[in-house]
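Descriptive structure summary
Here are the chains, one letter per residue:
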2 protein chains.
Amino acid sequence: MIPLQFSDIQAAASRIAGIAHRTPVLTSRTANARANAQLFFKCENYQRTGAFKFRGACNALARFTDEQRHAGVLTYSSGNHAQAIALAASLSGIKAAIIMPHDAPALKVAATKGYGAEVIVYDRYKENREEIGRRLAFERGMTLIPPYDHRDVICGQGTAAMELFEETGPLDVLLVCLGGGGLLAGSAISARALSPNCRVIGVEPEAGDDGRQSLAKGEVVTIAVPDTIADGAMVTHLGQHNFEVIRRDVDAIVTVSDAQLVDTMKFCAERMKMVVEPTGCLAAAAALHGVVPVAGLRVGILVSGGNVDLARFAALVTA
Amino acid sequence: MIPLQFSDIQAAASRIAGIAHRTPVLTSRTANARANAQLFFKCENYQRTGAFKFRGACNALARFTDEQRHAGVLTYSSGNHAQAIALAASLSGIKAAIIMPHDAPALKVAATKGYGAEVIVYDRYKENREEIGRRLAFERGMTLIPPYDHRDVICGQGTAAMELFEETGPLDVLLVCLGGGGLLAGSAISARALSPNCRVIGVEPEAGDDGRQSLAKGEVVTIAVPDTIADGAMVTHLGQHNFEVIRRDVDAIVTVSDAQLVDTMKFCAERMKMVVEPTGCLAAAAALHGVVPVAGLRVGILVSGGNVDLARFAALVTA
């Protein structure tokens, strides 16, 4: 297969233009002072459905044939990809069925149903969602669009970093949260094209450093479901397509602790007036807690999403 | 005195350019669907110091003579103007003293001190802050910049609506929160110049409808300190300069309840991922709760600030 390249992301950008939001890039002098750097926050928490996932979903569905559109789309997701597929499908008049873990945040389940999708629940600790997905897709003739291990999904996600670089010009470092690798792989392709000297760094939760292990070993490493508050990064292994891009275009992968994520959530709420979900804080936490050396540098930070139950948010930021 | 006009606001815009943020204008399809209108949120919660007040403070201090700069600035404020003067003064190397109510939110007091200002506490239910201000200004030779009843302050605040109209073009309705009238008066001047047919509507808390009473009576009406969660609007009367503009350029003043403010805070956090303080929700509440008829219209909403203690925020949105 032809390796993914920047022209694929440019094509995705044309497909999703006018459907996905061009999200704002925010700056904060308080954040800059704390990190002793110039930070540019690309705020995908203001994306439709509250997370970057809408970009990939839109791009994937825009490429459906008439036959695929008629049969519908199927996916599995811990949450944000579910809402993204549900809304993107609803906007295109495509039927959607979503396989969701039984312990997904209530807000995400409700939002997915609210967009008119069918929700099928599974146990994330006992069942294999990929297997369930493949079986149901076969039985129903629906097209499976997985949350990250898919070329169209990766290219859609890469449009966020593309917009960021268009606004900021070249950067020294780009920090991107890492779960399955959709956002990181897409961002890395955009960075290579638009800011060739930018160091691209993936940030994953301490409890689930399969990405770091994979990069070190040179192959996809699978771990147990990680125990972390970053529910969007509770994945056991990188996607294969994602890994191919990550090993080629990503410079390093680092980890942050749940405590650092909570502190970053508080900082974002108190000083930047933003609601960011735990997973969405991964990249910012790496800059604000000195996990990645950024002093004196121009740093892009992908804020991936803001979907967190208000009660959970309140409990975390007041703990 | 020459009545304030749009050229005064344009002059303020030049003075504060590069010091105050040009804040983003956000839209939300969920909010649009709920209000059955096109809403444009001008997000001053992302302004430096977390509120629009920084604009007026910057503009006022930029006009100080060398003598005034040397003697320093004095003000009284329930919070956001305090931080605004404190930061603006600190950026210009001017000494600042701030008279604050004893029950001001802890976050605001801490932030004001953090910017290097001296804080002088008074009892908002027993003492008259304007009197204390005048006395201290006289004793110390400092220039008093009150939070709203001041031409330079009004003109600085008017730059927010100016930026909004520059981005959106003409609007049908502009909703602005109303405490002492700085933001409303400034916004109305900008609206008259940039969108002459736009209805400009002030929104104040139900418990403190002195603005509505004043407009009806044709003179400034003074009430008791209102009991409302909108701490930024706990003022007893409009400023005289503000009232002159408001009676000339504002079409109506409406009120919203504290319950409507809390609902709007939740909506902003859950659906728009924004932390907005209670006072900052006044304008949005009027649109989202049908207090002002907006169906089918293009509506500007000034989100005035986001300074709320996280613990208080958490308690309000989970109540």
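One can find the structure itself at the top, above this paragraph.
This report concerns the structure included in the present document. (Residues numbered from 1 in each chain as written. Chains lettered and ligands numbered in written order. Predicted model: local features only at pLDDT ≥ 70, side-chain atom pairs only at ≥ 80, totals over all residues. Heavy atoms only, no water.)

A word on the overall build of chain A. Within chain A, the regular secondary structure consists of 14 helices and 10 strands. In terms of overall dimensions, chain A is globule-like: its C-alpha atoms have a radius of gyration of 18 Å, near the 20 Å expected for 319 residues. Each principal axis of the C-alpha distribution contributes one length, and for chain A these read about 55 × 45 × 40 Å. The contacts in chain A between residues at least 6 apart in sequence include a share of 73% that link residues at least 24 apart. With an accessible surface of roughly 11300 Å², chain A has 49% of that area assigned to carbon and sulfur atoms. Charge centroids of chain A, computed over 31 positive and 32 negative side chains, lie 4 Å from each other. (Helix = DSSP H or I, 4+ residues; strand = E, 2+ residues; numbered from the N terminus. Rg over C-alpha atoms; globule rule 2.2 N^0.38 Å. Contact = heavy atoms within 4.5 Å. Areas by Shrake-Rupley, 256 points an atom, 1.4 Å probe, with all protein chains shown as cover. Lys, Arg positive; Asp, Glu negative; His and termini not counted. Charge placed at Lys NZ, Arg CZ, Asp CG, Glu CD.)

This part is about the interface of chain A and chain B. Every contact between the two is made by 29 residues of chain A and, on the other side, 29 residues of chain B. Linking chain A to chain B there are 0 salt bridges. At the boundary of chain A and chain B, one finds 7 residue pairs in polar contact (both at pLDDT 80 or more). Contributions of two or more residues to the side of chain A that touches chain B are made by helix H12 (258-272) and helix H14 (310-318) of chain A. No other element matches H14(A), which puts 6 residues into the side of chain A that touches chain B. When the residues that make up the side of chain A that touches chain B are grouped by side-chain class, the tally is 15 nonpolar, 8 polar and 6 charged. (Salt bridge = Lys/Arg side-chain N within 4 Å of Asp/Glu carboxyl O. Polar contact = N/O pair within 3.5 Å; in protein donor to acceptor, adjacent residues only side chain to side chain. Nonpolar A, V, L, I, M, F, W, Y, C, P; charged D, E, K, R; others polar.)

In terms of nonpolar packing, the biggest core is built from 162 residues, with A:Leu39, A:Leu175, A:Ile301, B:Leu39, B:Leu175 and B:Ile301 touching the most fellow members. Dropping the residues within four chain positions of it, A:Leu175 is found in contact with A:Ile201, A:Val203, A:Ala283, A:Ala286, A:Ala287, A:Val292, A:Val299, A:Gly300, A:Ile301 and A:Leu302. By size, the runner-up hydrophobic cluster in this structure holds 28 residues, among which are B:Ala57, B:Phe64, B:Ala117 and B:Val153. (Core = buried A, V, L, I, M, F, W, Y, C linked by side-chain atoms within 4.5 Å. Buried < 20%, exposed > 50% of the residue type's maximum accessible area, 1.4 Å probe, protein only.)

Summed over the entire model, instances satisfying the criterion amount to 30 salt bridges over all chains. The closest approach of N and O atoms between A:Arg212 and A:Asp209, which form a salt bridge, is 3.4 Å. Looking at A:Arg212, the relative accessible area reads 37%, which means it is partly exposed. Between B:Asp249 and B:Arg248 there is a salt bridge, with its nearest N and O atoms 2.8 Å apart.

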